[in-house]
Amino acid sequence: QVQLVESGGGLVQAGGSLRLSCAASGIFLSINDMVWFRQAPGKQRELVAGITSRGSTNYAYSVKDRFTISRDNAKNTMYLQMNGLKPEDTAVYYCNADVRDLHNWSQSYWGRGTQVTVSS
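All of these numbers come straight from a predicted model, not from anything done at the bench.

Caption draft 1: Geometry of the nonpolar core. With 31 residues, the main nonpolar core has Trp 36, Val 48, Phe 67, Met 78, Leu 80, Met 82 and Tyr 93 as its most contacted residues. Elements with a contribution of two residues or more to this core: strand E3 (18-25), strand E4 (30-39), strand E5 (46-51), strand E7 (67-72), strand E8 (77-82), strand E9 (91-100) and strand E11 (114-119). By residue number, the principal contributor to this core is E9, which donates five residues. Not counting chain neighbours up to four residues away, the residues in contact with Met 78 comprise Leu 20, Ser 21, Cys 22, Met 34, Val 35, Trp 36, Ile 51, Ile 69, Ser 70, Arg 71 and Cys 95.

Caption draft 2: Examining the side chain of Arg 38 more closely. Structurally, the position occupied by Arg 38 is in strand E4. Assessed through its relative accessible area of 6%, Arg 38 is described here as buried. At a separation of 2.9 Å, a polar atom in the side chain of Arg 38 contacts the side chain of Asp 89. Within the local environment of Arg 38, its side chain forms a polar contact with the side chain of Tyr 93, the two groups lying 2.9 Å apart. Apart from residues no more than four positions distant in its own chain, Arg 38 is found in contact with Gln 44, Arg 45, Glu 46, Val 48, Ser 62, Val 63, Phe 67, Glu 88, Asp 89, Ala 91, Val 92 and Tyr 93.

Caption draft 3: Focus on the state of the cysteines. This structure, assessed with the given rule, holds one disulfide. Covalent S-S linkage joins Cys 22 and Cys 95, the inter-sulfur distance amounting to 1.9 Å. The sign of the S-S torsion, about -60°, decides the handedness of the disulfide formed by Cys 22 and Cys 95: left-handed. Of the two residues, Cys 22 is situated in strand E3 and Cys 95 in strand E9; the sequence distance between them amounts to 73 residues. When its relative accessible area of 0% is taken as the criterion, Cys 22 is described as buried. By relative accessible area, Cys 95 is classed as buried at 0%.

Caption draft 4: Geometry of the pairing of E3. When strand E1 (residues 3-7) meets E3, the two strands line up antiparallel, connected through five bridges. Counted as the bridge partner of Val 5 is Ala 23 from E3.

Caption draft 5: Quick look at unusual backbone geometry. The backbone of Asn 76 shows a phi angle near 50°, a positive value even though the residue is not glycine. With respect to the secondary-structure elements, Asn 76 resides in the loop between E7 and E8. The backbone phi angle of Asn 104 is positive, close to 70°, even though this residue is not glycine. Structurally, the position occupied by Asn 104 is in the loop between E9 and strand E10 (106-110).

Caption draft 6: Spatial organisation of the sheet that holds E3. Taken in spatial order, the four strands make up an open sheet running E1-E3-E8-E7, and their pairing is antiparallel. Of all strands in the sheet, those with a lone pairing partner are E1 and E7, marking the two edges. Across the sheet, the mean angle from the axis of one strand to that of its neighbour is 15°, orientation sign disregarded. As paired elements, E3 and E8 share six bridges and run antiparallel to each other. Counted as the bridge partner of Ala 23 is Thr 77 from E8.

Quick notes on the rules
Residues numbered from 1 in each chain as written. Predicted model: local features only at pLDDT ≥ 70, side-chain atom pairs only at ≥ 80, totals over all residues. Heavy atoms only, no water. Core = buried A, V, L, I, M, F, W, Y, C linked by side-chain atoms within 4.5 Å. Buried < 20%, exposed > 50% of the residue type's maximum accessible area, 1.4 Å probe, protein only. Helix = DSSP H or I, 4+ residues; strand = E, 2+ residues; numbered from the N terminus. Contact = heavy atoms within 4.5 Å. Polar contact = N/O pair within 3.5 Å; in protein donor to acceptor, adjacent residues only side chain to side chain. Disulfide = S-S within 2.5 Å. Pairing = 2+ DSSP bridges. Axes fitted to C-alpha atoms, helices over the stretch in contact; angles between N-to-C directions.

Distances and angles like these do not, on their own, reveal function.
Here you go:
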C-alpha cells in the first residue's frame, strides 16, 4: 500500500512564503507524475502544479511565477515552494501521485491534504 503525506501548511500573512512537502511511502517500483491540487471552501478542487518523473513542470496560470514545484526522486518526495502568497491561495492542498506497483501497474493515490491559510 502506498501512502502520501503532505506537510508544511500553516497560517501566513499575504506576501509571505510556505514550502509544502509530499512524501510517498510503501512498496512500489516508481512514481510517475506528481501533482499538487487545492480546494478552497465551496469551490471545486483545482490543479496547482504538476511535475513528471523527468522534471517537466506545468502550472496553473494563477500561481505561475509565484509557485515552484520540484521533486527529489531519491526521497520519493515532491515540494511546492509558494512565494508571494495571496488570500485567494487559501485552501487545502492535496498531493496526487501516479505510482507504478510491483506488477508494473499504475495507480493514482491521494494524500489527506494540508491547510494553507493566507491572511490579508
